[in-house]
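Here are the chains, one letter per residue:
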Amino acid sequence: MSTPIATSVSGEKRYSVSVASRTNFYILAAGVIIFIILATLPLFGGTALTRRLVDFFTLLALAELWNLMVGYAGLLSAGQQGFIGIGSYTLWLFADKFGIHPFIAVIFAAIGGAIIALPAAALVFRLKGGYLAIGTWVIAETLRLIVANIKSTGGGSGITIQAASQLGTETRVPGAYWWALASALIAIVVTYLLLRSRTGLALKAMRDNDLAAESAGVNLWRSKMYTWVIAGAGCALVGAIVAIHLLRVQPAAAFHINWTAYLIFITVIGGMGTIEGPVIGTIIFYVLRETTSKYGTWYFIALGILAIVVTIWSPAGIYGYVIKKTNFMVFPLQRKLSVLDEGTAPAEIGTGAEKTAG
Amino acid sequence: MDWLNAAVQGILLGGLYALFAVGLSLVFGTMRLVNLAHGDLTIIPAYVALVIVGVAKFNAFYSIPIVMVIMFIVGYLLQRGVLNFVVVRGDIAGVIVTFGLSIVIANALQEGFTANSQGLDAGKIENLSITINERLAIGWLPLLIFVMALVVITLLQLFMNRTKMGRAFRAVSDDQEAARLMGINTRHIWAVAMGVALLIVSIGGVMMGIRTTFHPLLGADRLIFAFEAVIIGGMGSSWGTLLGGVILGMAQTLGARAFGSAWQILVGHVVFIIILALRPQGFLAKTVTA
């Protein structure tokens, strides 16, 4: 085995515990190559493809963040559109009112999201489970109505982001693309590092049984708070990228509940509680939308039904099914126990698929 | 609109919110399921009435009993066919499935009936009102909705406290394992609870269709108002839900009177948030389990 993190001897057998397997290193190498291709894509890919991929990567980033929140921290948010909207409007504020370059104003949007997330947490954490979901929805609606009632933000009809349109297509599209790619990468890396850390163990313990986790010394409130604020800042960051991309912000669109619907469907179908699941889910969602949206919202209805079916009959989603069959993860998070027997090849004792939420 | 008039309209509006909230609360009480499709399920009765009135050509009021029966059956089958699989699996599955259902219903109604606003015709009662003085007039229809809320809550309490089925509801709510050991068919009880919840929202759903117009995307607001009424009033209390509805309704109409109609819903949310911050258990809470 490639990276034993601990070995021990018990009786006649030697045991080894490892996280990654050799295949994971090949995949990491392939990942680096794919990343280089994606990072240089605006230089050779053409504007149309680049634009489409902005959509794809922003959705992926949002889905990863929702997955972190629900799949690991058990925070059932139906109000992420509130942070997306706040991000879009914060970008407008910093870019058009304060004259900061839009690509830098994106960072302020993320900070804005984190600042909104703190008092919002104090409120919605008083609620649990499904009621927390509606509570987050109320917060998002409240933010939408506040923005829609302010005259200087253009009210309900929205506002054009002048600073972004002045950039010109040849600067704006690649810039938005790199930010979108970066946001997806940040979401994945932050999720992975967080889950490999002490807080990650706490989160997984909390997801599986919050009472047991708390009695083992996990600070539930703090662990939930971390993920909530990270997700809030991340969604606001994505909201800012979307604003640059679309050039226009409207309260009804930026704070639309469909954002949350996309995230839920993507994560559930792909596989909740895994990093890879949302990637698969985003690809399915994106391909389906691009090929069938000319027939109206039927693709959306179909995805909703699929999400219901998956939740009831195959709650681990598509990727969960893959793990169950192969016991392999691209982003290894579980610790595998193997028996090192002298003379024979090390035989893996299947720890099975990690318990997925639901 | 005068202040007193705004307050009275708010109280009456509260009756409507209570009618919607009682259904949400009943489902949560018996099976600990927060039904995110509840708002959309209050829109369906209006469309069912629209179809019935379109076929039978009578006053929309007469369609209410038929719609109630249809929605009871819809609720029963929905629970047995889909939601019973979710109830035993906890919060995450419940939220995902009912949220998915909400999106499916809203978009399917839009595909089937277009996004345009529709109305139900019930003749003269739509505009009749009792004039108290030149500044205060109470519409018959809002008053009727409020009275229906009182009747529904009273009947529901009698049902819960006096009937064998009601006792089974309470038993399942308290401890579903123990209830099952006592020979109660929990799956049947949950299905009846969902049926009754949809039967109750049918009254408010159709009457609102008569009073104003409706369209497929109203569900989100209906769900949120029902939720706010439940939390303000305190979970598990029917009269608390009515109180919560009235507080929310008054916050909205008085808010509109003070700042203009664009602020109506926002003021309602703000009052809800203040109450959640200061008194998270609500005003008349019976249970604290969430």
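Residues numbered from 1 in each chain as written. Chains lettered and ligands numbered in written order. Predicted model: local features only at pLDDT ≥ 70, side-chain atom pairs only at ≥ 80, totals over all residues.

Peer 1: Help me understand the overall build of chain A in this model?
Peer 2: The helix and strand inventory of chain A stands at 15 helices and six strands. Buried positions account for 45% of the 358 residues belonging to chain A. Counted over contacts in chain A with a minimum sequence separation of 6, partners at least 24 positions apart contribute 74%. (Helix = DSSP H or I, 4+ residues; strand = E, 2+ residues; numbered from the N terminus. Buried ≥ 20, exposed ≤ 12 C-beta atoms within 10 Å, placed from the backbone. Contact = placed C-beta atoms within 7 Å.)

Peer 1: Explain the overall build of chain B to me, please; I cannot follow it from the model alone.
Peer 2: Regarding its fold elements, chain B presents 11 helices and two strands. Counting from the amino terminus, helix and strand elements in chain B follow one another as α-α-α-α-β-β-α-α-α-α-α-α-α. Taking 2.2 N^0.38 as the reference for a compact globule, 290 residues should give roughly 19 Å; the C-alpha atoms of chain B span a radius of gyration of 19 Å, in line with that estimate. Projecting the C-alpha coordinates of chain B onto the three principal axes gives extents of approximately 60 × 50 × 35 Å. Counting across all 290 residues of chain B, residues that qualify as buried make up 53%. Long-range pairs, those at least 24 residues apart, make up 77% of the contacts in chain B between residues at least 6 apart in sequence. (Rg over C-alpha atoms; globule rule 2.2 N^0.38 Å.)

Peer 1: I keep staring at unusual backbone geometry and nothing clicks. Help me out?
Peer 2: Comment: phi is negative for the bulk of residues other than glycine, and the bulk of peptide bonds are trans. A positive phi angle, near 70 degrees, is found at Leu-247 of chain A, a position not held by glycine. For Leu-247 of chain A, the position within the fold is in the loop between α10 (220-246) and β4 (248-249). You can call Leu-247 of chain A partly exposed: it has 13 C-beta atoms within 10 Å. Even without being a glycine, Lys-57 of chain B presents a positive backbone phi close to 55 degrees. Lys-57 of chain B gets classed as exposed once you count the C-beta atoms within 10 Å, which come to 8.

Peer 1: For this particular structure, what's the right way to read the interface of chain B and chain A?
Peer 2: Counting from both sides, the interface comprises 38 residues of chain B and, opposite them, 38 residues of chain A. Put simply, the parts of the chain that give the side of chain B that touches chain A at least two residues each are α3 (63-87), α4 (91-113), α9 (219-233) and α11 (264-278) of chain B. Examining the composition of the side of chain B that touches chain A, we find that 16 residues originate from one element, α4 of chain B, more than from any other. Considered class by class, the residues forming the side of chain B that touches chain A number 30 nonpolar, five polar and three charged. (Nonpolar A, V, L, I, M, F, W, Y, C, P; charged D, E, K, R; others polar.)

Peer 1: When you look at the pairing of strand β2 (residues 136-139) of chain B in this model, what are you seeing that I'm missing?
Peer 2: Residue and element names in this part refer to chain B. As defined by bridge partners, strand β1 (residues 129-133) adjoins β2 across four bridges and the pair is classed as antiparallel. Note on β2: the bridge partner recorded for Ser-129 is Gly-139. Joining the antiparallel neighbours β1 and β2 is a turn of two residues. (Pairing = 2+ DSSP bridges.)

Peer 1: Explain the nonpolar core here, please?
Peer 2: Grouped burial of nonpolar side chains is what soluble globular proteins tend to show. Counting 205 residues, the largest nonpolar core has Leu-91 and Ile-134 of chain A together with Leu-19 of chain B as its most contacted members. Looking at this core, the element that brings in the most residues is helix α8 (residues 186-211) of chain B, giving 16 residues. Once you skip the residues sitting within four places of it in the chain, Ile-134 of chain A turns out to touch Ala-78 of chain A together with Val-34, Leu-36, Leu-223, Ile-224 and Phe-227 of chain B. (Core = buried A, V, L, I, M, F, W, Y, C linked by C-beta atoms within 7 Å.)

Peer 1: Explanation requested: helix α14 (residues 298-313) of chain A in the structure shown.
Peer 2: Along an α-helix, residues three or four apart share an orientation, since each turn contains 3.6 residues. Between the first and last C-alpha of α14 of chain A there are 22 Å, a value that for 16 residues agrees with the 22 Å anticipated at 1.5 Å per step. Within α14 of chain A, burial applies to Phe-300, Leu-303, Gly-304, Ala-307, Ile-308, Val-310 and Thr-311 of chain A. For α14 of chain A, the angular spread of buried residues about the axis comes to 165 degrees, placing them on one side. Those residues of α14 of chain A hidden inside the fold are in contact with α12 (258-270), α13 (276-292) and α15 (317-326) of chain A together with α3 and α4 of chain B. (Expected span 1.5 Å × (residues − 1). Arc of directions from axis to C-beta.)

Peer 1: Can you help me understand α13 of chain A in this one?
Peer 2: Residues and elements named next belong to chain A. When the terminal C-alpha atoms of α13 are compared, their 25 Å separation across 17 residues agrees well with the 24 Å that a helix rising 1.5 Å per residue should span. Listed as buried for α13 are Gly-277, Pro-278, Val-279, Gly-281, Thr-282 and Phe-285. Contact partners of the buried residues in α13: α2 (47-72), α12, α14 and α15.

Peer 1: I'm lost on the packing of helix α7 (residues 169-196) of chain A against α10 of chain A in this one. Help?
Peer 2: For any two helices packed against each other, one specifies the crossing angle of their axes together with the interaxial distance. Residues and elements named next belong to chain A. At their nearest, the axes of α7 and α10 sit 9 Å apart, and the two run at 165 degrees to each other. Judged on the interaxial angle alone, α10 and α7 are roughly antiparallel. Here the hand of the crossing between α7 and α10 comes out left-handed. In this structure, α7 uses Arg-172, Ala-176, Trp-179, Ala-180, Ser-183, Ala-187 and Val-190 to contact α10, whose residues at the interface are Ile-230, Gly-234, Leu-237, Val-238, Ile-241, Ile-244 and His-245. Among the residues forming the contact of α7 with α10, the class breakdown is 10 nonpolar, three polar and one charged. (Axes fitted to C-alpha atoms, helices over the stretch in contact; angles between N-to-C directions. Parallel < 35°, antiparallel > 145°, perpendicular 65-115°, else oblique. Left-handed = near helix turned anticlockwise from the far one by under 90°.)

Peer 1: Sorry if this is basic, but what is going on with the environment of Val-147 of chain A here?
Peer 2: Within the secondary structure, Val-147 of chain A sits in helix α5 (residues 129-149). Sequence-distant contacts of Val-147 of chain A, that is, excluding residues within four places in its chain, are made with Gly-85, Tyr-89, Thr-153 and Pro-251 of chain A.

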